Amino acid sequence: MDDGRGELVAIAGEAVTLLTRELARGRRRIELSAAPLPPALAAPALAAPAASTPVDAATPLALPGFEPPAPPRAAAAAPLPAPVRLAPRSDLPGTLAEVKALVDTCRLCPLCETRTRTVFSDGTDKARLMFVGEAPGRDEDLQGVPFVGRAGQLLTKMIEAIQMKRGNVYIANVLKCRPPENRTPIPTEVEKCIPYLEQQIALVRPDLIVALGLSAAQGLLGTKASMGALRGRTFEYKGVPLVATYHPAALLRNPGLKKDAWVDLQRVRDMLREGAPA
Ligand code: SF4
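Just so we're clear, the structure is a prediction, and the values are computed from it rather than from any experiment.

Trainee: For this particular structure, what's the right way to read the overall build of the chain?
Mentor: Helices and strands together make up the secondary structure of the chain, namely 9 helices and 6 strands. Per-residue burial over the chain gives 30% buried out of 278 residues. Sequence separation of 24 or more characterises 78% of the internal contacts of the chain that already satisfy a separation of 6 or more.

This is the structure we're talking about:
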């Protein structure tokens, strides 16, 4: 016991000596290196404090051996399981073009009354990676293309941050028509519309689905779990691996979430690299 206390006292003494020396040199903290977020996800840098700024006793100081916890890392990506391919529904057309034509004239729920245009998909039908959002917003409703507003521009940057191109993924929503005022879809709308998405998944046959936002994840997985409980795990939707992350619109509202989204995206990238089922 005495030896242990003596060692602690010695370490504390060394720490105080080092701290005193660094403060005398005018340093407020000893910087540690950290991998930066990609530019698309990085927050504006804070201005460095002036050298003459007085040291606040409450300011945390990093000392060797007392480093703060490492930044969160992407969870190790397990190889993708070979997907159990979803068979196309026999009650819907067997090509994406035909499904889109059906959606264009769909009147199965009241959203057909308020939409400007239906919003079916963007990207390639040969994609390995499929993003699924909640529903069209104002810009999407006007243009008939998913994820084209500010959130869409951020999604494009997120895709490029993992060295992919927007044109090489497939993007769709759970709902094909815009809910008024961008309200959250109600369960009966999801129930009516989700067969179209099922058919898109069955025909595109992606290796991995990324659900963007809690509403999309809950709608696809039939759960009420929080995003905190869903992130970092791999689920399955109709035999296709599925992971959940924040909707780009949530990242625009709360940039502090970008760090977690970047962790999720790195995991997606690694799953695609390591899985690669034929
Ligand atoms: S939201 Fe879906 S189910 Fe409702 S009208 Fe549009 S396409 Fe049809």
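Trainee: Explain the sheet that holds strand β3 (residues 170–173) to me, please; I cannot follow it from the model alone.
Mentor: Strands belonging to one sheet form pairs held by backbone hydrogen bonds; the direction of such a pair is parallel or antiparallel. With mixed pairing, 6 strands are arranged side by side in an open sheet as β1-β3-β2-β4-β6-β5. Strands with a single pairing partner mark the edges of an open sheet, and in this sheet they are β1 (122–123) and β5 (235–237). Two elements, strand β2 (residues 129–133) and strand β4 (residues 208–212), share 4 bridges in a ladder whose sense is parallel. Note that in β4 the partner of Val132 across the bridge is Ala211.

Trainee: Where do I start with the nonpolar core in this structure?
Mentor: One broad trend across soluble globular proteins is that nonpolar side chains are buried collectively. Within the largest apolar cluster, 53 residues are counted, with the highest numbers of intra-cluster contacts made by Met130, Val132, Val210 and Ala211. Per element, the largest residue contribution to this core is 7 residues, and it comes from helix α5 (residues 187–204). In this view, Val210 contacts Leu129, Phe131, Val243, Thr245 and Val268; residues no more than four positions away in its chain are not counted.

Trainee: Help me understand the site of the ligand, please; the structure alone is not making it clear to me.
Mentor: Of all residues adjacent to the ligand, which total 14 residues, the nearest are Cys106, Cys109, Cys112, Cys177 and Cys193. Of the residues forming the shell around the ligand, the biggest block, 3 residues, is contributed by α5. Tallied by class, residues from the shell around the ligand come to 9 nonpolar, 1 polar and 4 charged.

Trainee: Just to check I follow, could you spell out the pairing of β2 for this structure?
Mentor: Along any regular strand, the residues point their side chains to alternate faces of the sheet. Of all 5 residues making up β2, 5 are buried, and the element is well covered by its neighbours. Neither face of β2 is exposed, since Leu129, Phe131 and Gly133 on one face and Met130 and Val132 on the opposite face are all buried. As defined by bridge partners, β2 adjoins β3 across 4 bridges and the pair is classed as parallel. Paired with Val132 across the two strands is Ala172, which belongs to β3.

Trainee: Help me understand the environment of Pro110, please; the structure alone is not making it clear to me.
Mentor: If you trace the backbone, Pro110 turns up in the loop between α2 (96–104) and β1. A residue is classified by how many C-beta atoms lie within 10 Å of it, and Pro110, with 14 of them, is partly exposed. Pro110 sits 69 residues away from Pro179 along the chain, and the two C-alpha atoms are 9.3 Å apart.

Trainee: In this structure, what is going on with helix α6 (residues 214–221)? I would like to understand it.
Mentor: An α-helical turn contains 3.6 residues, so a residue and the one three or four places further along point in the same direction. Across the 8 residues of α6, 6 count as buried, placing the element largely inside the fold. Considering only its buried residues, α6 is in contact with β2, α5, β4, α7 (227–230), β5 and β6 (240–245). Where α6 terminates, the next one or two residues include Gly222, which has phi positive at roughly 60 degrees.

Trainee: I tried to follow the environment of Glu198 on my own but got confused; where do I start?
Mentor: Tracing the backbone through its elements, the reader meets Glu198 in helix α5. Sequence spacing of Glu198 and Leu92 is 106 residues, and the spatial spacing of their C-alpha atoms is 10.0 Å. Beyond its immediate chain neighbours, meaning those up to four positions away, Glu198 contacts Arg89 and Lys238.

Trainee: Sorry, what's going on with the packing of α2 against α5 here?
Mentor: To characterise two packed helices, one gives the angle between the axes of the helices and the distance between these axes. Running from amino to carboxyl end, α2 crosses α5 at an angle of 170 degrees, the nearest separation of the two axes being 10 Å. When the axis of α2 is compared with that of α5, the two are roughly antiparallel. Two packed elements cross with a definite hand, and for α2 against α5 that hand is left-handed. Taken together, the residues of α5 that come into contact with α2 (itself represented by Leu96, Val99 and Val103) are Tyr196, Gln199, Gln200 and Leu203. A class-by-class count of the residues in the contact of α2 with α5 yields 5 nonpolar, 2 polar and no charged.

Trainee: Which parts of the structure should I look at to understand the confidence of the model for the chain?
Mentor: Caution is warranted with low-pLDDT regions, since their predicted coordinates should not be read in detail. Per-chain confidence: the chain averages 80 in pLDDT, with 68% of residues scoring 70 or above. Note that residues 22–35 has pLDDT below 50 and, in this model, 15 contacts with residues that lie over four places away or in other chains. Predicted confidence for residues 43–72 stays below pLDDT 50, and this span has 22 contacts to residues more than four positions away or in other chains.

Trainee: Explain unusual backbone geometry to me, please; I cannot follow it from the model alone.
Mentor: Glycine aside, the phi torsion of most residues is negative, and most peptide linkages are trans. Unlike most non-glycine residues, Glu181 shows phi in positive territory, near 60 degrees. By the secondary structure assignment, Glu181 is in the loop between β3 and α5. On the basis of neighbour counts, which here come to 7 C-beta atoms within 10 Å, the residue Glu181 falls in the exposed class. Unlike most non-glycine residues, Asn182 shows phi in positive territory, near 60 degrees. Checked against the element boundaries, Asn182 lands in the loop between β3 and α5.

Conventions used here
Residues numbered from 1 in each chain as written. Predicted model: local features only at pLDDT ≥ 70, side-chain atom pairs only at ≥ 80, totals over all residues. Helix = DSSP H or I, 4+ residues; strand = E, 2+ residues; numbered from the N terminus. Buried ≥ 20, exposed ≤ 12 C-beta atoms within 10 Å, placed from the backbone. Contact = placed C-beta atoms within 7 Å. Pairing = 2+ DSSP bridges. Core = buried A, V, L, I, M, F, W, Y, C linked by C-beta atoms within 7 Å. Near = placed C-beta within 6 Å. Nonpolar A, V, L, I, M, F, W, Y, C, P; charged D, E, K, R; others polar. Axes fitted to C-alpha atoms, helices over the stretch in contact; angles between N-to-C directions. Parallel < 35°, antiparallel > 145°, perpendicular 65-115°, else oblique. Left-handed = near helix turned anticlockwise from the far one by under 90°. pLDDT = per-residue confidence, 0-100.

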